[in-house]
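# Close look at the chain arrangement
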Amino acid sequence: MKKFYFALMALFCATALFTGCSDDDDDEKGNGQGSGNGSGVEILSKKIVKIISHNETESEKFITLFQYDANNRLSKMTDIEEDGTETEVTDIIYEDNKITITTTSTENKSVIQLQDGKAVSFIEYREGERIDFVYNYSGKYLSNYTAKYFRERNSWREEGVANVVYTVKDANLEEMSYVYTSHYDEDANEKVSNKFELGVLDNNTNLNLYSFILDGNTFLFDVVGDRFKKLPVKIISTDEGKEDITTYTYEVDKDGYITKIIEKMDNEDGYTFEITYE
């Protein structure tokens, strides 16, 4: 988890060298929009209403507030400063076959297209940037997606392409690998493999915590197949033979709700995330 940009963070530099797999090849349909739970995980009833994050060396805190519609689907995210000043507002509108996302940082609307409740494509806009995603599945689980990264230079120019692959076994994420190829800068090319060591805690909060661990916005809406079941305690990343380790420690209250996630990283500041429910 890098800096906690809830307002539609996405991995644009990613790709894979092999095909993701799942032990369960039943192509079950989910209705998406918050119902892609699956994996035998019982989702807890209370909803996340606030997350406060800060890194190890800076005192500044990043605060995100969450609101829900009458169907308990995420409908608004508001980033605020410690004094209450709003810095970013994201609104989410649900329709039968798409989710439309608007933010105060860009005039363009981001749209997730759905088929049988699963995301098949996502055009995401950020300030001066656009990312086009296409998603593929193996049975009930996301197996890979491709992403084309554009930058606005009078018109939209494609800067590079990526393809992320997930290896899933027994409802759990074992590996995620990616390769990013730039069209203009070879130094920006990247090829990384991430192996997951899983703990005992289920991914059972109303918002899918893999959205924050993987910086993947579509996980937030549970529209990319069934959830990965167990949460990681360690991610081992290998890039050109160099290994980096990120660890996760969780604090849980008496009712089983995760109230704090502590992230430690080898080569940069990790973050602490404090979670409030209602």
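As the structure is a computational prediction, the values presented were derived from the model and not from experiment.

### Things to note about the overall build of the chain
In terms of helices and strands, the chain carries 2 helices and 16 strands. Here the chain holds 278 residues, and the buried ones make up 51% of them. Contacts spanning at least 24 positions in sequence make up 48% of the contacts within the chain whose residues lie at least 6 apart. A total accessible area of about 13,400 Å² is found for the chain, and carbon and sulfur atoms account for 42% of it.

### Side note on the pattern of salt bridges
With the rule as written, the count across this model stands at 12 salt bridges. Ionic pairing is found between D91 and K76, a salt bridge with its closest N-O pair at 3.7 Å. Taken as a pair, D91 in strand β4 (residues 86–94) and K76 in strand β3 (residues 74–80) lie far apart in primary sequence, 15 residues in all. When its relative accessible area of 29% is taken as the criterion, D91 is described as partly exposed. The partner of D222 in a salt bridge is R227, with the nearest N and O atoms 2.9 Å apart. The two residues D222 and R227 agree in class, both being buried. Overlapping salt bridges, with partners in common, bring together E124, R126, E129 and R151 in one network.

### Here we look at the environment of D116
Tracing the backbone shows D116 in the loop between β6 (110–115) and β7 (118–126). Expressed as a C-alpha distance, the spacing of D116 and V223, which sit 107 residues apart in the sequence, is 9.6 Å.

### Comments concerning unusual backbone geometry
The phi dihedral of D170 falls on the positive side, at around 50°, and the residue is not glycine. Structurally, D170 can be placed in the loop between β10 (155–169) and β11 (172–182). Although it is not a glycine, E240 sits at a positive phi angle of roughly 55°. Residue placement: E240 occurs in the loop between β13 (230–239) and β14 (242–252).

### Things to note about the environment of S45
Here S45 lies in the segment before β1 (48–55). With 160 residues separating them along the chain, S45 and T205 place their C-alpha atoms 8.1 Å apart.

The rules behind each value
Starting from 1, residues in each chain are numbered consecutively following that chain's sequence as written. Reporting in this predicted model follows two pLDDT cut-offs: at least 70 for local features of residues, and 80 or more for side-chain atom pairs to be given and counted; totals over whole chains, interfaces and linings ignore these cut-offs and use all residues. Hydrogen atoms and water are omitted, and side-chain values are computed over all heavy atoms in the structure. The secondary structure listing takes helices from DSSP runs of H or I that are at least 4 residues long and strands from runs of E that are at least 2 residues long, numbered from the N terminus. Burial classification: accessible surface area is computed with a 1.4 Å probe over protein chains only, and a residue below 20% of its type maximum counts as buried, one above 50% as exposed, and the rest as partly exposed. The criterion used for residue contact is that any of the two residues' heavy atoms lie within 4.5 Å. Only the protein chains shown count as cover for residues, and all accessible areas are computed by the Shrake-Rupley method using a 1.4 Å probe. Any Lys or Arg side-chain nitrogen found within 4 Å of a carboxyl oxygen on Asp or Glu counts as a salt bridge.

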